[in-house]
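Listed below, chain by chain, are the residues.
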Amino acid sequence: MAFDLEVDAERWRRGLRALVEHTPGIVPVIKGNGYGFGRDRLAVESTELGLDTIAVGTYAEVPAALAAFGGDVMVLTPWRPFFTDVVLDDRVIHTVGRVEDIAALSAGAGSGSRVLVEGETSMSRHGLDRHELAAAVAALGDLRVEGFAIHLPMAGSNLGEAERWAAALEASQVETTTFYVSHLTPAELTILCERRPNLDVRPRIGTSLWLGDLGALSVRATVLDTHLVARGERVGYRQRPMPRDGFLLVISGGTSHGIALEAPKATAGVVQRGKSLAKGGLEAAGFSLSPFTIDGKQRWFAEPPHMQASMIFLPANARAPQVGDRVDVAVRFTTATFDAVNLR
Amino acid sequence: MSALVVRPISTPEHLAFVRSRPSVSFLQTPAWATVKNEWRGESIGWFDGVTLVGAALVLYRQLPRLKRYLAYLPEGPDIDWTDGDLARWLTPLAAHLKSQGAFGIRMGPPVVTRRWHAATIKQAIADPVLTTLSAVPADESDSEALEVAAALGRLGWKEIGTEGGFSAGQPKFNFQIPLSGRDEQDLLAGMNQQWRRNIKKAAKAGVEVTRGSRADLADFHRVYSETAERDHFTPRPLPYFERMWDALTAEEPDRLLLYLARHDGDLVAATTMVRVGSHAWYSYGASTTEKRDVRGSNAIQWQMIRDAREAGASAYDMRGITETLDPDDPHVGLIQFKVGTGGEAVEYLGEWDLPLNRALYLGFTTYLKRR
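Everything in this summary refers to the structure shown in the same document. Predicted model only: the values in this text are computed from it and were never measured.

Analysis parameters
Residues numbered from 1 in each chain as written. Chains lettered and ligands numbered in written order. Predicted model: local features only at pLDDT ≥ 70, side-chain atom pairs only at ≥ 80, totals over all residues. Heavy atoms only, no water. Helix = DSSP H or I, 4+ residues; strand = E, 2+ residues; numbered from the N terminus. Rg over C-alpha atoms; globule rule 2.2 N^0.38 Å. Buried < 20%, exposed > 50% of the residue type's maximum accessible area, 1.4 Å probe, protein only. Contact = heavy atoms within 4.5 Å. Areas by Shrake-Rupley, 256 points an atom, 1.4 Å probe, with all protein chains shown as cover. Lys, Arg positive; Asp, Glu negative; His and termini not counted. Charge placed at Lys NZ, Arg CZ, Asp CG, Glu CD. Salt bridge = Lys/Arg side-chain N within 4 Å of Asp/Glu carboxyl O. Polar contact = N/O pair within 3.5 Å; in protein donor to acceptor, adjacent residues only side chain to side chain. Buried area = accessible area lost by both parts, 1.4 Å probe. Pairing = 2+ DSSP bridges. Axes fitted to C-alpha atoms, helices over the stretch in contact; angles between N-to-C directions.

1. Section: the overall build of chain B
Turning to step 1, where the next piece is worked out: What chain B contains, in helices and strands, is twelve helices and 16 strands.
Turning to step 2, where the next piece is worked out: Taken against the 2.2 N^0.38 rule, which gives 21 Å for 371 residues, the C-alpha radius of gyration of chain B at 21 Å falls within 12% of a compact globule.
Turning to step 3, where the next piece is worked out: Judged by the C-alpha coordinates and their principal axes, chain B covers about 60 × 50 × 45 Å.
Turning to step 4, where the next piece is worked out: Buried residues in chain B amount to 53% of all 371 residues.
Turning to step 5, where the next piece is worked out: Put simply, of all contacts in chain B between residues at least 6 apart along the chain, 73% involve residues at least 24 apart.
Turning to step 6, where the next piece is worked out: Surface accessibility of chain B: about 16400 Å² in total, with carbon and sulfur atoms responsible for 51%.
Turning to step 7, where the next piece is worked out: Distance between charge centroids for chain B: 4 Å, based on 44 positive and 46 negative side chains.

And the structure:
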C-alpha cells in the first residue's frame with residue numbers, strides 16, 4: 001500500500017529555520033500524529049534546529065519525547081490528580097490550572113516538579129481565573145514555577161487578551177517573567193515583546209511551524225486497480241449502482257489513513273453552507289466528494305472508503321490513471337496517517 | 001439545622017448584640033436609625049430557639065403616596081454568612097419585611113470577596129493595560145465569599161449594577177489599612193514617601209491635632225462647607241452632624257470622634273472618625289483651601305490612624321474608592337491618595353435586591369434610574 005507524504009526536505013527545513021530564526025524563544029508543539037510527520041521525526045528536527053524545549057499534548061506522549069529529544073518536554077494538558085500515566089522527570093514541565101491540583105501535585109509524588117501556571121483565557125478550556133493566582137502561588141509549596149502560560153483562541157485578534165494577561169502576570173504574585181503564548185501572529189508577537197520588555201515571551205507553535213509551507217509537502221496515493229463500469233452496475237461492499245458510465249478506481253488510502261474522517265468544519269458560515277448545497281450533483285444522489293484529485297478535479301467516492309483503500313468513481317469523459325500511477329490527495333495533516341513519510 | 005425566626009428586637013437588645021460581636025458596620029448600629037431620621041428604623045434579630053444569633057438595622061423608605069416601603073439594610077445584615085444554608089437566614093427575613101409592608105429588600109452583605117495590596121495597585125496604575133481593579137489579580141480571594149454571591153443568585157437576589165464601583169448606595173470597593181499586630185514604625189514604613197514626608201512636614205510646621213467636642217462641630221462644619229464648595233458636592237447641614245454626634249456618642253462615648261488640625265490657631269483640617277468594635281472608619285473630612293502646604297490633612301489622618309490602633313482597632317477604613325485605575329480618570333487621584341497609606345483595596349459583595357412585589361419594585365428601580 002502506498003499512501004505517502006512526500007516532503008521536499010530542503011524547502012521544508014528552510015521554512016522551519018526561517019520561522020525559528022524569526023521567532024525567538026519558540027517552543028515547537030509536537031503532539032497527536034505529529035502533524036502527519038510523526039512525533040519522533042519532529043523531535044529529531046527540533047534537536048537539529050537547536051531548540052531547548054518541546055511541547056507535547058499529553059502524558060502518553062512524554063516517554064517517547066524524552067527518548068527522542070534531549071531537552072525539556074512540557075505537557076500542554078494540565079495535570080490532574082487522576083491521571084495514571086504522569087511522567088515525573090526533571091526534564092518534564094507540567095501544566096497546572098486549578099488551585100486544588102497545584103496543592104495535590106505539590107503534596108504528592110510530584111513535589112519539587114517544574115510547572116507552568118496556566119491562565120484561563122476566552123478559550124474557556126483550562127486555567128486559573130486571574131483572581132485565583134494568589135491562592136495558586138500559596139499552594140505551590142516545593143513546585144518550581146518555570147513560567148506562565150496562556151492558550152488563546154484563533155478567531156480575531158488576540159493581542160489585546162495576550163497583553164491583558166501579560167499585565168495581570170506582572171501585577172500578580174506569580175514569580176516568573178517567562179510567558180508562554182500560543183496563536184499570536186508574528187506581528188502580534190513583536191508588539192507584545194516590545195510592550196512587555198520585562199517578560200520573556202515564548203511562543204508555542206505547532207501548525208504554522210510544521211505545516212507552514214504546504215508547498216513543500218504533497219500527499220500521493222497509488223492507484224491499485226481500475227475497472228470500467230456501466231451505468232447501473234453494482235459495485236463494492238454495498239453494491240451500489242453506478243450513476244453513469246465511467247471508471248472505478250481503487251486507490252490506496254482509507255479510514256486507517258484518516259481518509260473521510262470528518263471533524264466539524266472550521267468554516268460554517270452561511271456562504272460555506274450555501275456552497276456545499278449548490279454543489280448538488282452526486283452529493284444529492286448520496287455520493288460524497290473524496291479528497292482525491294484526478295485529472296484536475298476532486299472526484300466522488302463510489303462508496304464509503306474502506307479501511308485501507310477507497311473506491312472512486314470517475315466519469316467516462318475523464319482521463320483515467322493507470323495502475324501504479326500516483327494521484328494527489330488533500331488531507332487534514334492532523335488526522336492523516338501515512339504509510340511512509342519520504343523526505344527527498 | 002433548626003429553623004430561624006426573625007422578629008423585632010429592642011434597641012438595648014440590639015446594642016448588646018453589637019457589643020458582643022468583633023465588629024459590625026456603623027450603619028448597622030441602632031444609633032444609625034436616629035441619624036437617618038427620614039427613614040423609619042427597626043432593629044430585628046434572628047433567633048435560634050431563644051438565642052439571638054444575628055441582627056440587623058432595617059431602614060424603611062416609603063414610596064410616595066403609598067404605604068409600601070423599600071427595606072434597606074446598609075452594610076448588613078450581621079448574620080453568619082459562612083453558613084452553607086443562607087435560605088434559613090434570608091427566607092424568614094423576607095417574610096418579616098414583607099409583613100411590614102416592604103415591596104423589596106436591599107442589603108449589602110458585609111462580606112469581603114477580594115483584597116489588593118497597595119504595591120499591586122500601584123503597579124497596576126502604572127500599567128496602561130490595567131484600567132480597573134477587577135482586571136488586576138487580587139492578592140487574596142475568598143472562595144467562600146464568592147460562593148455567597150452564587151447562593152444569593154439562586155435565592156432570587158440580584159446584584160445592583162454599579163458604575164465604576166459607585167452605586168446609589170454603599171461603595172463596593174473600599175480602602176483599608178490593616179492595623180493588627182503593627183506598631184507606628186511599621187505603619188509609617190508601609191506608607192509611601194510622600195505620605196511620610198507630608199506627615200513630617202506638618203509636624204515641623206507645628207500643626208496641632210486635637211479632639212473636638214460637640215461645640216466644635218460648628219467649626220468643623222465651616223471648613224466642611226468650604227470643602228464642599230471647592231469640590232462641588234452638596235454639604236449636609238450642621239444639624240445632621242449634631243444629630244449624628246448625639247446619637248452615636250450616646251451609644252458609646254467614643255463611637256464618633258471629631259478631630260481638628262490647627263496651624264497657628266487657624267483650623268486647616270477637620271475630620272470625623274467612627275469606631276465599632278475592632279473597626280474604625282474615617283467618615284467625613286474637610287480642609288481649608290488656605291495653608292494647604294502645612295499638610296493638615298496628612299497630620300489629621302495620621303492621628304486618627306494612631307488613635308484607631310491604640311483603641312484596639314484591627315482596621316482603619318478609609319471607605320469608598322472607585323474601581324478605576326485609569327490614570328486619565330479624575331477618580332484615580334482618590335485611590336492614589338489612599339494607596340499612599342500602604343493599605344489595601346477591599347471588594348465587598350456589593351448591594352443586592354430581592355423584589356417582594358414585582359410591579360412596585362420595577363417602578364421603584366425605574367424611578368431610581370431616571371433620577
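Having seen the model, we can carry on.
2. Considering the pattern of salt bridges
Residues and elements named next belong to chain B.
Turning to step 1, where the next piece is worked out: The tally for this structure, following the rule as stated, stands at 38 salt bridges over all chains.
Turning to step 2, where the next piece is worked out: The salt bridge involving Glu 140 is made with Arg 115; its shortest N-O contact spans 3.9 Å. Note that Glu 140 is positioned in strand β7 (residues 140-141) and Arg 115 in strand β6 (residues 112-117), a separation of 25 residues in sequence.
Turning to step 3, where the next piece is worked out: Looking at Arg 115, the relative accessible area reads 21%, which means it is partly exposed.
Turning to step 4, where the next piece is worked out: Among the salt bridges present, the one from Asp 307 reaches Arg 211, with a minimum N-O distance of 3.3 Å. In this pair, Asp 307 sits in helix α10 (residues 296-310) while Arg 211 sits in strand β10 (residues 208-212), placing the two residues 96 residues apart along the sequence.
Turning to step 5, where the next piece is worked out: For Asp 307, a relative accessible area of 12% gives the class buried.

3. Some remarks on the side chain of Ser287(B)
Residues and elements named next belong to chain B.
Turning to step 1, where the next piece is worked out: Inspection of the secondary structure puts Ser 287 in strand β13 (residues 279-287).
Turning to step 2, where the next piece is worked out: The class for Ser 287 is buried, based on a relative accessible area of 9%.
Turning to step 3, where the next piece is worked out: Among the polar contacts made by the side chain of Ser 287, one reaches the side chain of Arg 292 at a distance of 3.5 Å.
Turning to step 4, where the next piece is worked out: Among all residues touching Ser 287, those that are not within four sequence positions of it are Val 223, Thr 227, Arg 230, Val 268, Ala 269, Arg 292 and Ser 297.

4. A closer look at the environment of Glu188(A)
Residues and elements named next belong to chain A.
Turning to step 1, where the next piece is worked out: Within the element layout of this structure, Glu 188 appears in helix α7 (residues 186-195).
Turning to step 2, where the next piece is worked out: In this structure Glu 188 comes out as buried when scored by relative accessible area, which is 11%.
Turning to step 3, where the next piece is worked out: With sequence-adjacent residues up to four places away left out, Glu 188 is seen in contact with Ser 157, Asn 158, Leu 159 and His 183.
Turning to step 4, where the next piece is worked out: At 3.3 Å, the side chain of Glu 188 forms a polar contact with the backbone nitrogen of Asn 158.

5. A look at the interface of chain B and chain A
A common way to state how big an interface is: give the accessible area lost once the parts meet.
Turning to step 1, where the next piece is worked out: Each side of the interface is counted separately: chain B has 17 residues, and chain A has 13 residues.
Turning to step 2, where the next piece is worked out: Taking both partners together, chain B and chain A bury about 1100 Å²; carbon and sulfur atoms supply 53% of that area.
Turning to step 3, where the next piece is worked out: Its largest share of buried area at the contact with chain A, chain B owes to Val129(B), Pro137(B) and Asp139(B), together 42% of the area lost on that side.
Turning to step 4, where the next piece is worked out: Inspection of the chain B/chain A interface yields one salt bridge.
Turning to step 5, where the next piece is worked out: For the salt bridge of Arg196(A) with Asp127(B), the shortest nitrogen-to-oxygen distance reads 2.6 Å.
Turning to step 6, where the next piece is worked out: At the surface where chain B touches chain A, the tally comes to eight residue pairs in polar contact (both at pLDDT 80 or more).
Turning to step 7, where the next piece is worked out: Of all the elements in the fold, those that place two or more residues in the side of chain B that touches chain A are β6, α4 (118-126) and β7 of chain B.

6. Topic: the sheet that holds strand β8 (residues 178-182) of chain A
Residue and element names in this part refer to chain A.
Turning to step 1, where the next piece is worked out: With parallel pairing, the eight strands of this open sheet are ordered in space as β2-β9-β8-β7-β6-β5-β4-β3. Strands at the two margins of the open sheet, each flanked by one partner only, are β2 (27-28) and β3 (53-56).
Turning to step 2, where the next piece is worked out: Docked against the sheet, helix α6 (residues 159-171) engages β6 (114-119), β7 (144-150) and β8, running at close to 160° with respect to β8.

7. As for the environment of Glu344(B)
Residue and element names in this part refer to chain B.
Turning to step 1, where the next piece is worked out: For Glu 344, the location among the structural elements is in strand β15 (residues 344-348).
Turning to step 2, where the next piece is worked out: Its relative accessible area of 10% is what places Glu 344 among the buried residues.
Turning to step 3, where the next piece is worked out: Distance from Glu 344 to Arg 115, taken between C-alpha atoms, is 6.4 Å for residues 229 residues apart in sequence.
Turning to step 4, where the next piece is worked out: In contact with Glu 344, other than residues within four places in its own chain, are Arg 115, Trp 116, His 117, Glu 140, Asn 174, Phe 175, Gln 176 and Pro 178.
Turning to step 5, where the next piece is worked out: A polar side-chain atom of Glu 344 sits 2.7 Å from a polar atom in the side chain of Arg 115.

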